[in-house]
Amino acid sequence: MKKDFFSIAIDGPAGAGKSTIAKKVAKELGIEYVDTGAMYRALTLKVLRNDIDPANKLEIIEILKNTDIDFNNNHIYLDGSLVDDEIRENRINQNVSYIASIKEVREIMVSIQQKLARKKSVIMDGRDISSVVLPNADYKFFITASVEERGTRRYRELVEKGEKDITLNVIMDEIRKRDEIDSTREVAPLKRTSDSYLLDTTDKSIDECVDFIVSIVRGRN
Ligand code: DC
């Protein structure tokens with residue numbers, strides 16, 4: 001029996017190009033893009049706005065229960081307000097991994113994400129999409145790039161946004177630290193599942209990466 005919807009799972013480390021590629025694939029295939037990292041970022045923003053210590057698990061779990069995180073036309077809303085830009089600030093980068101490592105936070109986020117994927121065809125990116133959120137996804141990709149390449153991309157992005165007092169070396173160290181937290185945490189660590197296609201974006205253009213995914217999906221659909 002033919003399914004109504006299909007799903008594409010994208011995982012990989014910070015700065016590998018997942019969201020840029022996923023957004024373009026979504027447009028080309030006419031499906032919804034769900035940025036799960038943005039959801040953890042939105043919660044982190046709320047925690048910082050409320051002066052809650054990012055290490056205070058109980059308060060964070062409590063605040064999440066009274067938080068509304070929603071997507072509309074590729075924009076993310078926190079309790080009804082648009083937070084696209086604020087969730088990309090460096091203070092969020094520096095704290096989000098701690099918050100994303102809380103088991104109860106992940107359970108709530110995963111159930112929201114699974115609900116989204118039941119309603120329409122999606123391309124969803126994150127760290128645990130192939131392994132936990134959509135283990136039965138129709139297509140799975142692990143997108144990565146060297147630390148130097150990922151650091152340089154993040155550094156340029158932040159400079160363009162006017163972020164000051166940053167250096168490439170510090171950004172690369174932060175990326176290594178986030179990789180370490182994301183890949184070694186107890187709950188749903190970042191890892192490539194054996195059924196995922198590997199896509200290393202280090203020396204590839206965005207369009208090449210988009211074509212790689214689209215051709216696999218079209219080839220099998
Ligand atoms: O992809 P990103 O940089 O926006 O992700 C932000 C953080 O959230 C990152 O440190 C890992 C975490 N994350 C996660 O644990 N699980 C996901 N599905 C998505 C992101």
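As the structure is a computational prediction, the values presented were derived from the model and not from experiment.

Reading the values: the criteria
- Here the residue numbers are simple positions, counted from 1 along each chain's written sequence.
- Only residues with pLDDT of 70 or above have their local features reported here, since the model is predicted, and side-chain atom pairs are shown and tallied only from 80 upward, although totals for entire chains, interfaces and linings are computed over all residues.
- Side-chain numbers here rest on the full set of heavy atoms in the structure, without hydrogens or water.
- Classification of ring pairs rests on two measures: the distance between centres of Phe, Tyr or Trp rings, Trp counted by its six-membered ring, which must be within 6.5 Å, and the angle between planes, read as stacked under 30 degrees, edge-to-face over 60 and tilted in between.
- Segments assigned H or I by DSSP are reported as helices when at least four residues long, segments assigned E as strands when at least two residues long, and all are numbered from the N terminus.
- Note on exposure labels: buried denotes an accessible area under 20% of the residue type's maximum, exposed denotes more than 50%, and partly exposed covers the range between, all computed with a 1.4 Å probe on protein chains only.
- A cutoff of 4 Å decides nearness: a residue is near a molecule or strand if any of its heavy atoms lies inside that distance of it.
- Contacts described as polar in this section are N or O atom pairs within 3.5 Å, which, within protein, must combine one atom able to donate a hydrogen with one able to accept it, while residues neighboring in sequence count only if both atoms come from side chains.
- All accessible-area figures derive from a Shrake-Rupley calculation using a 1.4 Å probe, and residue coverage is judged against the displayed protein chains alone.

**Q** Hey, could you run me through the packing of aromatic side chains in this one?
**A** Two measures describe an aromatic ring pair: the distance that separates the ring centres and the angle between the ring planes. Under the criterion given, the structure shown has 4 aromatic pairs. Taken together, a centroid distance of 6.3 Å and an interplanar angle of 85 degrees make the contact between F6 and Y139 edge-to-face. Taken together, the residues span a long stretch of sequence, with F6 in the segment before strand 1 (7-11) and Y139 in strand 7 (residues 139-144) at a distance of 133 residues. By the burial criterion, F6 is buried, and Y139 matches it. Seen from their ring centres, F141 and F212 are 6.2 Å apart, and the 75 degrees between their planes marks the pair as edge-to-face. With F141 in strand 7 and F212 in helix 9 (residues 206-220), this residue pair connects regions lying 71 residues apart in the sequence. A residue is classified by how much of its surface remains accessible, and F212, at 30% relative accessible area, is partly exposed. Ring pairing ties together the aromatic residues F141, Y197 and F212, which thus form one cluster.

**Q** Where do I start with the site of the ligand in this structure?
**A** Lining the immediate environment of the ligand, one finds 16 residues, of which R41, R106, D128, R178 and R185 sit closest. Note that an oxygen atom of the ligand is positioned 2.9 Å from one of the side-chain N or O atoms of R127. The separation between a nitrogen atom of the ligand and a polar side-chain atom of D128 is 2.8 Å. Against a free-state accessible area of 450 Å², the protein chains account for coverage of 97% of the ligand. Broken down by secondary-structure element, the contributors of at least two residues to the shell around the ligand are helix 2 (36-49), helix 4 (90-100) and helix 8 (168-184). Looking at the shell around the ligand, the element that brings in the most residues is helix 2, giving 4 residues.

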